Amino acid sequence: MNIMNTLHGKELKIEERNLIDRHGNRRVGNYMATSTGYKYWPFDPKPEEIYIEAIAHHLATKARWAGATQHRRFKSRIFFAVAEHSVYVADYVRDVLKRPDLELEALLHDAPEYVIGDLIRPLKYSPSFRAPFLELEDLNEAVVAKRFNLVHPFPREIKIADEAVTEAEHQQIIFWHPDEGGETVELHETKAVANIEIKMLEPYPAKEFFLDAYYNAIARREEYRPLPQAFRV
C-alpha cells in the first residue's frame, strides 16, 4: 500500500493525505508544488527540503512591483523578476558597501518569496495586514538561513542595499501619470541609488543570472564563513 495513503497502517482520507510527506511524517499545514518536483510545506519548512534550483526558478518567475514595470527603451520588456533584483542587491553589498562577506545573505535576502510570493509594500507594511504574513516570512527566512549557513537576522547592510536597488528600479522602470503630480510619498528609502542599469530579463535568463551569481558567491564564501557540507565547492 502506498505510504502516502496510510499512517501507522491506517487508511487515510484524501484531505488527511495532504498532510503526510513522502517519508510518512505528518506535517503542519498543506504543501505546495515546486519546480524540482518535490513538495514544500511553507507552514512546516525543513532546511533539507530547500533547493537552490527551486529558489532560482521561482524567484525568476515572480514579478517585482506587482508587475507595474516598463522598460524605458524596450517596450516589450514589462517583466522584472525578484531573481534579477536579488543579484543587484548582492552586487551592491559586495562592491559598493564593501562587504563581500555578506554577498550570499544579500543574494538570498528575498529567498522566502520563492514560496510565499513578493507582497507589495502597502500590504506588507500595513499593521492590520502584515502580522500573519510576517510570521510566515520569518519562519521560512530562518530555515533558509539555516540551510545556507547565513548570518541571521540579516545585518543592516542588506536593507541598505535593498533600498538603493529599489530606488534605482523606481527611477528606471516605474512610471507615474502626470495627474499624480510630484508629491508622491515613497514607501522606500530614497537617499541612495544603486548605479545599475535594469535589464528586465525574461524568466529563464533571470534564473541563469541568479544561479551564476550564487555559484560565484559560494566559490568565495569560505573566505568568510563555512558553507554547509552539501554546498562545498
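Definitions and limits used
- Residues numbered from 1 in each chain as written.
- Predicted model: local features only at pLDDT ≥ 70, side-chain atom pairs only at ≥ 80, totals over all residues.
- Heavy atoms only, no water.
- Core = buried A, V, L, I, M, F, W, Y, C linked by side-chain atoms within 4.5 Å.
- Buried < 20%, exposed > 50% of the residue type's maximum accessible area, 1.4 Å probe, protein only.
- Helix = DSSP H or I, 4+ residues; strand = E, 2+ residues; numbered from the N terminus.
- Contact = heavy atoms within 4.5 Å.
- Axes fitted to C-alpha atoms, helices over the stretch in contact; angles between N-to-C directions.
- Parallel < 35°, antiparallel > 145°, perpendicular 65-115°, else oblique.
- Left-handed = near helix turned anticlockwise from the far one by under 90°.
- Nonpolar A, V, L, I, M, F, W, Y, C, P; charged D, E, K, R; others polar.
- Expected span 1.5 Å × (residues − 1).
- Bend = angle between axes of the 7 residues up to and from the residue.
- Phe/Tyr/Trp six-rings, centres within 6.5 Å; stacked < 30°, edge-to-face > 60°.
- Patch = residues over 30% accessible without salt bridge, like charges linked within 9 Å, V, L, I, M, F, W, Y side chains within 5 Å.
- Areas by Shrake-Rupley, 256 points an atom, 1.4 Å probe, with all protein chains shown as cover.
- Salt bridge = Lys/Arg side-chain N within 4 Å of Asp/Glu carboxyl O.

Draft legend 1. Looking closely at the nonpolar core. Counting residues in each nonpolar core, the largest one holds 57 residues, and the members touching the most others are I55, L108, F148 and F210. Mapped by element, the contributors of at least two residues to this core are helix 2 (52–60), helix 3 (82–96), helix 4 (103–107), helix 5 (113–116), helix 7 (127–148), helix 8 (156–173) and helix 9 (203–221). If you tally residues by element for this core, the top one is helix 3, at eight residues. The contact partners of F148, leaving out residues within four places of it in the chain, are I50, I52, I55, L104, L108, Y214, P228 and F231.

Draft legend 2. The arrangement of the packing of helix 3 against helix 8 in detail. Here helix 3 crosses helix 8 at 125°, and the two axes come no closer than 9 Å. It follows that helix 3 is oblique to helix 8 by the angle criterion. At the point where helix 3 passes helix 8, the crossing takes the right-handed sense. Two secondary-structure elements touch here, helix 3 through H85, Y88, V89, Y92 and V93 and helix 8 through E157, I158, A161, D162, A164, V165, T166 and E169. Of the residues assigned to the contact of helix 3 with helix 8, the class counts are eight nonpolar, two polar and three charged.

Draft legend 3. Expanded view of the side chain of D44. Mapping D44 onto the fold places it in the loop between strand 4 (39–40) and helix 2. Overall, D44 belongs to the buried group, its relative accessible area being 16%. Among residues more than four places away in sequence, those in contact with D44 are R27 and V28.

Draft legend 4. Summary view of helix 7. Under the 1.5 Å per step criterion, the end-to-end length of helix 7 is 31 Å for 22 residues, consistent within 8% with the ideal 32 Å. Taking the largest bend as the criterion, helix 7 deviates by roughly 30°, centred on F133. Those residues of helix 7 that fall on the buried side of the exposure criterion are F133, L136, E137, N140, E141, V143, V144, A145, R147 and F148. Buried residues along helix 7 sit in contact with strand 4, helix 2, helix 4, helix 5, helix 6 (121–124) and helix 9. N149 sits one or two residues past helix 7 and shows a positive phi near 55°.

Draft legend 5. Layout of helix 3. If you check helix 3, its first and last C-alpha atoms are 20 Å apart, about what 15 residues at 1.5 Å a residue would give, namely 21 Å. V82, A83, E84, H85, S86, V87, Y88, V89, A90, Y92 and V93 are the residues of helix 3 that are buried. Of the surrounding secondary structure, the elements contacted by the buried residues of helix 3 are helix 2, helix 4, helix 5, helix 8 and helix 9. One or two positions beyond helix 3, positive phi appears at K98, with a value near 60°.

Draft legend 6. Local environment of the packing of aromatic side chains. Overall, the coordinates contain six aromatic pairs when judged by the stated rule. Look at Y40 and Y114: their rings are 5.6 Å apart centre to centre, the planes differ by 55°, and that puts the pair in the tilted class. Of this pair, Y40 sits in strand 4 while Y114 is found in helix 5, placing the two residues 74 residues apart along the sequence. In this pair, the class of Y40 matches that of Y114, namely buried. Through successive ring pairs, a cluster of aromatic residues spans F148, Y214 and Y215.

Draft legend 7. Structural detail: the environment of V82. Summarising the element assignment, V82 is placed in helix 3. Among the residues examined, V82 registers a relative accessible area of 0% and is labelled buried. The spacing of V82 and H58 is 24 residues in sequence and 8.8 Å in space, taken between C-alpha atoms.

Draft legend 8. How the structure looks around the side chain of E157. Positionally, E157 belongs in helix 8. When near neighbours in sequence (up to four residues on either side) are disregarded, E157 contacts V93, L97, R99 and L102.

Draft legend 9. Expanded view of a nonpolar patch on the surface. On the surface, a nonpolar cluster with roughly 220 Å² of combined accessible area is contributed by I120, L123 and F129. Following the sequence through the fold, F129 ends up in helix 7.

Draft legend 10. Representation of the pattern of salt bridges within the structure. Across all of its chains, the model carries 15 salt bridges by this definition. Among the ionic pairs, D95 bridges to R94, the shortest N-O distance being 2.9 Å. The residue E105 makes a salt bridge to R221 at a minimum N-O spacing of 2.5 Å. Pair noted here: E105 is in helix 4 and R221 is in helix 9, with a separation of 116 residues, a long-range link. Residue E105 is classed as buried on the basis of its relative accessible area of 0%. Connected through salt bridges with shared partners, the residues D91, R94, D95, E103 and R220 form a single ionic network.

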